[in-house]
Structure formats: structure tokens, C-alpha cells
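Reading the structure
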Number of protein chains: 2
Amino acid sequence: MAKKVTIHDIARELQVNAATVSRALNDHPAISARTKEAVRKVARRLHYQPNSIAASLRSGRSRILGVLIPSAEITFFGSVVHGIERVAAAEGYTVLIYQTNESEEGERKGVETFLRSRVDGVLASIAKGTRDLAHLQDLKRRGVPLVLFDRVSAEAGVPSVSINDSAAAFMATEHLLQQGYRRIAYISGPLHVPIWKERLKGHRKALKKYGLPADRALLREGDVSIGSGAACMEALLRLPEPPDAVCCVEDYTALGALQALRRAGIAVPGQVGIIGFANELFGQYIEPALSTIDQQTIRMGEEAARLFFELSAGKFYGSAPRHIVLEPQLIIRQSSVKIHTAS
Amino acid sequence: MAKKVTIHDIARELQVNAATVSRALNDHPAISARTKEAVRKVARRLHYQPNSIAASLRSGRSRILGVLIPSAEITFFGSVVHGIERVAAAEGYTVLIYQTNESEEGERKGVETFLRSRVDGVLASIAKGTRDLAHLQDLKRRGVPLVLFDRVSAEAGVPSVSINDSAAAFMATEHLLQQGYRRIAYISGPLHVPIWKERLKGHRKALKKYGLPADRALLREGDVSIGSGAACMEALLRLPEPPDAVCCVEDYTALGALQALRRAGIAVPGQVGIIGFANELFGQYIEPALSTIDQQTIRMGEEAARLFFELSAGKFYGSAPRHIVLEPQLIIRQSSVKIHTAS
DNA sequence: ATGAAAGCGCTAACAC
DNA sequence: GTGTTAGCGCTTTCAT
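Residues numbered from 1 in each chain as written. Chains lettered and ligands numbered in written order. Predicted model: local features only at pLDDT ≥ 70, side-chain atom pairs only at ≥ 80, totals over all residues. Heavy atoms only, no water.

As recorded by an unreviewed UniProt entry, chain A carries the name LacI family DNA-binding transcriptional regulator and is attributed to Flaviaesturariibacter amylovorans.

Have a look at this one:
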């Protein structure tokens, strides 16, 4: 273990004060160009590596942004993180990711880790398993800016970026209706999670607009996994009056449903239409290609990061938090297209 | 911004020394149960949050493991991280992820960030764009344990976990040969990356075993993206003697190739067989389901984390680094099955 | 079982 | 333009 070199080593070498070295390294305006040059040269020669732990302890700022995501195995989040990174990098910030594994426990540990590491802010997407938001309030109480994205919560009282989930589900459902499907099932995620509650609302609104009843039997509450999607679909198929279309709350759910339909020998989109949600990469490559909703991932990440910088610049502390709502985009592929217009 | 509460606040409240509080909080054996109890109670009441920055500065240990992954959008890495987390958590360590976006530049920044944050170790999978490993050597030189996984490099001289890439490609190719395919193309990733070079070796070995020549025209060096897979496949189809099977270095590459084949109206696996690599989630849901190679992701993560703990326990510093090689598993689905045995 | 004191490496307020 | 000084909040000898 090589002895760590500090600014004092550089200072000694150059016969100057450690503070001078610190300033030179940080490009402080009051330091002469010659000194800066000399300091940098010695620093390089000695393989000096700044200790941001010490710097953070002293300055109270780490220039690190913590991002809490439910799972690194979902492309969607990786994509949002890209957006966050782009904006963060431009401001000289680094992004660190913690995956909560969809549990409240994991989320608490993530917050704890970030708090201990004294990140300058936290951007989070709430885990499926989270019911109590106390740990998020903790961040607020400690003055760590918090911004929520995608899986947001108005209760939290912090800025957020999300898509218009209700509108998205409305679009998806209306699209199925316009294709002539009439008995539309809905496979949701846990309804205690706001975004899934919102989406259900949009779905129902579309049904209502077309004068259709909200048949309780056609609503399934899954856990947004492939397996759960398949199980829900199977249950739906056992119904006395099975659905002729299904609106899924997630692409993976749709994948499971599709699998169940295939096993049952049901033609998609001929007999049953299906639409997903999230525009995951695989959707355009499966057979039939999955219609879905695009959630503007990069944009979402960028906006979330921007909200953080606004927050930390103190631009709207105290006033009501901003909620940015992005407009979703309907992506029509094959799985939901019954009507062939032209050819 | 609530005033931060420190161990001194707790100490004052209880009329004891800060050192006592520190010990109590860390469950030091020499502290009486009564004192510990009292300290914990006050800590809770004051919402005390330990400042690990200060602790790290003093102790020189952060109990944080940095993980460098090329991209958070690849399921494979998310899965490996799960394995890492499991082992790390058991040792009281936290995992922080940095995505390098497949570039050497990103990788350098990640190393820099981890170095500054004084993580206790780094687990890394080398980016596609990385040619110079100097930044990784830096970690070693500074005494930060480094373990490589998946995209490893023997040159780095550090412990690693990978799968037997050569054997994997051999299995994939042999499987195609056993299915009766004879003109087998190979879509590789950049050949300066060791794992892809290794895989190519395995592929050639299989060809050789079956007495087939390594036709240069059948080898394409793509960049492991869907688009590149499609482009390579198109080029292959334009050959005077197009291939009757294609072995891809990655599932996403295979996806692109599949797309190109579909556009060209070629039946898979009837006319052309195809096999991928990585066992990405989507593979079993596309049509035809993609044959592939499983890479033991969770296991890989666990082993990598274990290697780190061995390293930091000083078990084999100085001696030659251990390289764990996991055995891959051939997963036969539809895309490569020409021969229908039974039914 | 607890206290006293020193210091990890850096930055920032105040000198000059 | 640079030096001095005083910590940031914690851990860790060494005492007692």
C-alpha cells in the first residue's frame, strides 16, 4: 500500500503553504499562473490523488448525486440514468447508483448509504414494495435535496418528473378500442403504487368515454413480472367471458401475458390484442412486435437532474415543489393492430 | 437545513465523552450495556445520522465497494451486481455502481470517482472502448483492491472471474455443426477486447474439429449493438456464398441479425440457424426463441465479491492473482434447431 | 469502563 | 498572491 500523498507533500516540496497548493489545485483566481503550473507539475509527478473525503468533510459538499433505482435489470432505469448523468456531468457532478431491489428495506439502506456518504442530493424512483415514505422524509429533513422520477408520490412533497400516466393508459386503451376490441382486460401492478393507480384511472376513463362498463373481473393486480403477467392472463382466459384485448401496465407483464396466450393457442392480434408499457428494447423484436407506450426516459433523467440543481440553488425552497409531467407517446406495432389500413 | 447532530451533541446531553459515544455506537465491548442503551436512545431521539465521511477520513475505510459496469442498460450487468450485493451485504459492505458507457474516458472518470470517494475496493468489467489499462493499474498502485469480472484482462495482473469464453463459443459452434449447418458465419465484437478474441478462438477450434476452413469472409467484427448485428448480417447475405448459420457474440447482436434475416425473408432456423450469447431475458420470448449461452451471472457476481474480500484480507497479496473461470451453459431453444428429434 | 487529546486531509476566513 | 489558523466529525491511542 503506497503511502498516500497529500497536499502537504506537495507544499513541502515547493516550499509553499498547503493552502496555496489547495487553491492552485482548485484553480483559485488569486493564485499566480506560475504557482499553479508548478503545483500541478509536482502533483502529477507524485501521483497525487485528491482526497474528496477530506474535502467533503471540510466543505460539506461532495459533488456526488445519489440515484436510487428499483432495479438495474430494467432497461428503463438505465436509460433514465443516462439522462441524469448527462446533466450532472455538465455541472461537474458524478452519479452513483444504488439499487433497492424493489423493497422498502433496500430503499432505506440506499438512503442511509447516501446520507452517510453525504451525497449532495438524491434522485429516486420509489420501489414497488415501499409503503411508508418516512425514509424519504428523512432526506428532506436533513436538507438533502430529493427529486423523484417515474415512480413518484405527491405525498412526499418534493419536486418530481413523471409522465402523464393517466393519459398514457388512456391512449393505450383508446387505441385498443379504436381497433375494435371491446372486452378489454387490464393487468395492473400493485395498486398502492401511485403510478399504477394513475394508469388504471386513465384506462377507466377511456372505457367510460366509449360507454363500456368497468368489469371488475377484467382487472388483475399482478406484481409486474413476466411470471405474474402470465398467471394473470391465464386467469383471465378461464373467465366465462374472456377478454378480447389486454392492456398491461408494463412490457414485461405483457411479455408474460403473450406467453400465456401463445400457450393457449390464441392468435395475437387476431383473437386478442395486447399492449404494453415502457418501450423496453425487446418489444420491437418479439413476435408479434409489442405495441407500447414510450416514457421519454432520457428526457425524464435530464429533467430530474435539472430539478435537483434548481433545488440546490435554492430557487424554490419553501414554495410548492415543481412537478414536471412529460407527455407519453403511443407506439403502435403489431400486437394491438386488428384493422389493417391499406397495406 | 436542520443543524447536523454529531456525537458531541449526544455526549453533552449525557454528560459523557464523545469517544464514549463513538464506542457505544460502534458496539465496542468495553462499554457498559447501560451506557450503550442510553446513547442509542438519545441518538434516536435526536435523529442522529453518523457521518461516514468523517469516519472514513479517520479510519481510512469506507465499507463501500465500487462497481464499474459498461452499461446499466444491459440486463447481464444488473444481474451480476445482484450477486455482488448479496455477498457484500453479508460482510456489511455497500455497493455503489458507476456506469462507464463503454468508453475508456468514462472508465477513467469512474476510477477517479471511486478513488476520491475512497471506496475499499473496485470490481470492474472493462468497457468496449478501453485499450489502455493505465487507470486500472492506478488502483493497484494505490493499494485499492481490484477484481475484474466478465470483461477481464490477464495483463492487468489482478484476480478475475469470467466464464470460459473459448469453451462457450466452441459449444455454440459445435451445436450448430451438430444440427447440420456447415457454412457458419461469426459476428464478433471488437477483437481487441480479450473476451471476444477468446470466443473467436473457441469458434475456430470447433470448425477445425469438424474439418471446416475458417473462411475470412464469414467473420464480421461489429460493435455488439442491435444495429451492428443487422448490418453485419446484411453484408453476410450479400456474399456470393452466404452462410447457413450464424454464431453471434451477444444476444443483442443476434437480435439484429435475426431482424435482417426476417427482412430478407429467410426462415430461421429452417434456412439459417442462429445462436446468441448471454441469455438475456428477452431471448426466450422472441420468435423464434433464441438459443444462447448462459453466463452464470449471479454466481459471477458472488465470486467476484468473494475475491475482493480475500484480496483485502491479504490472503494472497504478492502471490499470483486467482482467476476463477466459470463453466458456461448451452441453452438450446428454437433458433438453432434444424433437426427435430422426436416431438 | 471511560476520558483526554491528537489528527485523518482538506478548505475557508482572515491576515498581510 | 500567499501564509496562518482553525476546524469539518469522527476514531484511536494512551491514560486513569
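1. Let's talk about the protein's contact with DNA strand D
The condition that has to hold: We define proximity as follows: a residue is near a molecule or strand when any one of its heavy atoms falls within 4 Å of that partner. Counted as a polar contact is a pair of N or O atoms within 3.5 Å, where, for protein atoms, one must be capable of donating a hydrogen and the other of accepting one, and residues adjacent in sequence contribute only when both atoms are in side chains. Each helix corresponds to a stretch of at least 4 residues labelled H or I by DSSP, and each strand to a stretch of at least 2 residues labelled E; elements are numbered beginning at the N terminus. Side-chain classes follow a simple rule in which Ala, Val, Leu, Ile, Met, Phe, Trp, Tyr, Cys and Pro form the nonpolar group, Asp, Glu, Lys and Arg form the charged group, and the remainder, Gly included, forms the polar group.
By nearness alone, 26 residues border DNA strand D, and A:Thr20, A:Arg23, A:Arg58, B:Tyr48 and B:Arg58 come closest of all. Here a phosphate oxygen of DNA strand D sits 3.1 Å away from a polar atom, N or O, in the main chain of A:Ser32. In the environment of DNA strand D, a phosphate oxygen lies 2.5 Å from a nitrogen or oxygen atom belonging to the side chain of B:Ser22. When residues of the surface near DNA strand D are traced back to their parent elements, those giving at least two are α2 (18-25) and α4 (52-59) of chain A together with α1 (7-14), α2 (18-25) and α4 (52-59) of chain B. When grouped by side-chain class, the residues that make up the surface near DNA strand D number eleven nonpolar, eleven polar and four charged.

2. Things to note about the sheet that holds strand β6 (residues 184-188) of chain B
All names here are of chain B. What counts here: One bridge is not enough; two strands pair if DSSP finds at least two bridges between them. A fitted line through C-alpha atoms represents every axis, and for helices the fit uses only the stretch in contact; the resulting angles, taken between N-to-C directions, go from 0 to 180 degrees. The contact rule is simple, with two residues in contact once any of their heavy atoms fall within 4.5 Å.
If you walk across this open sheet you meet the four strands as β7-β6-β8-β9, and the pairing is parallel. Every interior strand has two partners, whereas the edge strands, β7 (219-221) and β9 (273-275), have only one. Strand-to-strand, the axes of this sheet are offset by a mean angle of 15°, without reference to chain direction. Two strands pair when backbone bridges link them, and β6 and β7 are joined in this way by three bridges, in the parallel orientation. Among the inter-strand pairings, Tyr-186 is bridged to a residue of β7, identified as Leu-219. Most of the contacts of helix α9 (residues 194-209) go to β6, to which it runs at about 170°, and overall it touches β6, β7 and β8 (245-248). Each of β6, β8 and β9 is contacted by helix α11 (residues 251-263), which is oriented at about 160° to β9, the strand it contacts most.

3. A few points about the relation of the copies chain B and chain A
We apply this condition: Least squares is the method used to superpose the copies, on C-alpha atoms of residues holding a pLDDT of at least 70 in both.
For the pair chain B and chain A, the superposition axis carries a translation of 0.0 Å, the fit reaches an RMSD of 0.1 Å, and the rotation angle comes to 180°. With respect to symmetry, the two chain copies, as superposed, fit the operation of a two-fold axis. Minimal C-alpha separation from the rotation axis in chain B is found for B:Ile286, amounting to 2.1 Å. Interface overlap between copies: 100% of the residues of chain B at the interface are likewise at the interface in chain A, consistent with a symmetric, same-surface contact.

4. Here's the deal with the pairing of β6(B)
Residue and element names in this part refer to chain B. Test applied: Residue burial is assigned from relative accessible area. The probe radius is 1.4 Å, only protein chains are included, and a residue is buried under 20% of its type maximum, exposed over 50%, and partly exposed in between. Crossover handedness is defined here as right-handed if the route from the first strand over the helix to the second strand goes clockwise, with the strands pointing away from the viewer.
Summarising burial for β6: five of the five residues are buried, a large majority. Residue alternation in β6 divides its side chains into two sets, Ile-184, Tyr-186 and Ser-188 and Ala-185 and Ile-187, and both sets are buried. Of the pairings in the sheet, the one linking β6 to β8 comprises four bridges and is parallel in character. Note that in β8 the partner of Tyr-186 across the bridge is Cys-247. With α9 bridging β6 and its parallel neighbour β7, the resulting β-α-β unit is right-handed.

5. Remarks on the protein's contact with DNA strand C
Around DNA strand C, 26 residues are found, and the nearest of them are A:Ser22, A:Tyr48, B:Thr20, B:Arg23 and B:Arg58. Among the atoms of DNA strand C close to the protein, meaning within 4 Å, 58% are from sugar or phosphate groups. Contact between DNA strand C and B:Arg58: a base nitrogen at 3.3 Å from a side-chain N or O atom of the residue. Those elements giving two or more residues to the surface near DNA strand C turn out to be α1 (7-14), α2 and α4 of chain A together with α2 and α4 of chain B.

6. Some thoughts on the interface of chain B and chain A
What counts is decided by this rule: A quick way to say it: buried area is the sum, across both parts, of accessible area lost when two parts are put together, with a 1.4 Å probe. For this analysis, a salt bridge means a side-chain nitrogen from Lys or Arg found within 4 Å of a carboxyl oxygen belonging to Asp or Glu.
Contact residues are listed per partner, giving 51 residues for chain B and 51 residues for chain A. Of the roughly 5,100 Å² buried between chain B and chain A, counting both surfaces, carbon and sulfur atoms make up 55%. Sorting the residues of chain B by area buried against chain A places B:Gln49, B:Ile53 and B:Tyr285 first, and these three jointly supply 15% of that buried surface. Counting across the interface, chain B meets chain A through zero salt bridges. Put simply, chain B and chain A have ten residue pairs in polar contact (both at pLDDT 80 or more) between them. For the side of chain B that touches chain A, the secondary-structure elements that each account for two or more residues are α4, α5 (75-90), β2 (94-99), α6 (104-116) and α11 of chain B. Ranked by the residues each element gives to the side of chain B that touches chain A, the list is headed by α5(B), at seven residues.

7. With respect to the side chain of A:Ser335
Residues and elements named next belong to chain A. Structurally, Ser-335 can be placed in the segment after β12 (329-331). A distance of 2.9 Å separates a polar atom in the side chain of Ser-335 from the backbone nitrogen of Ser-291. Setting aside anything within four residues of it in sequence, one finds Ser-335 in contact with Val-268, Pro-269, Val-272, Gly-273, Ile-274, Pro-288, Ala-289, Leu-290 and Ser-291.

8. A short note on the sheet that holds strand β7 (residues 219-221) of chain A
Residue and element names in this part refer to chain A. One open sheet accounts for four strands, arranged β7-β6-β8-β9; its pairing is parallel. Strand pairing shows two members of the sheet lacking a second neighbour, β7 and β9 (273-275), which therefore form its edges. Adjacent strand axes in the sheet meet at a mean angle of 15°, parallel and antiparallel pairs treated alike. Where helix α9 (residues 194-209) meets the sheet, its contacts fall on β6 (184-188), β7 and β8 (245-248), and the angle it forms with β6 comes to roughly 170°. Contacts between helix α10 (residues 226-237) and the sheet are confined to β6, β7 and β8, with β6 contributing the most and set at about 150° to the helix.

9. Some points on the packing of aromatic side chains
Spelled out, the test is: Two rings belonging to Phe, Tyr or Trp (six-membered ring only in the last case) form a pair when the distance between their centres is within 6.5 Å. Interplanar angles under 30 degrees mark stacking, angles over 60 mark edge-to-face geometry, and anything in between is tilted. The criterion is that NZ of a Lys, or CZ of an Arg, lies within 6 Å of the ring centre and within 35 degrees of the ring normal, and then a charge sits over that ring.
Tallied over the entire structure, the rule returns ten aromatic pairs over all chains. Relative to B:Phe309, the ring of B:Tyr93 lies with its centre 5.1 Å away and its plane at 80°, an arrangement referred to as edge-to-face. Here the residue B:Tyr93 occupies a position in the loop between α5 and β2, and B:Phe309 occupies one in helix α12 (residues 297-312), the gap between them amounting to 216 residues. Neither B:Tyr93 nor B:Phe309 differs from the other in exposure class; each is buried. Taking 6.4 Å as the distance between ring centres and 75° as the angle between the ring planes, the aromatic pair formed by B:Tyr98 and B:Phe114 counts as edge-to-face. Here B:Tyr98 is found in strand β2, whereas its partner B:Phe114 is found in helix α6, with 16 residues between them in sequence. Among the residues examined, B:Tyr98 registers a relative accessible area of 9% and is labelled buried. Among the aromatic residues, those joined into a ring-pair cluster are A:Tyr93, A:Phe308 and A:Phe309. Above the plane of the ring of A:Phe170 lies A:Lys205, whose end atom (NZ or CZ) is 5.4 Å from the centre.

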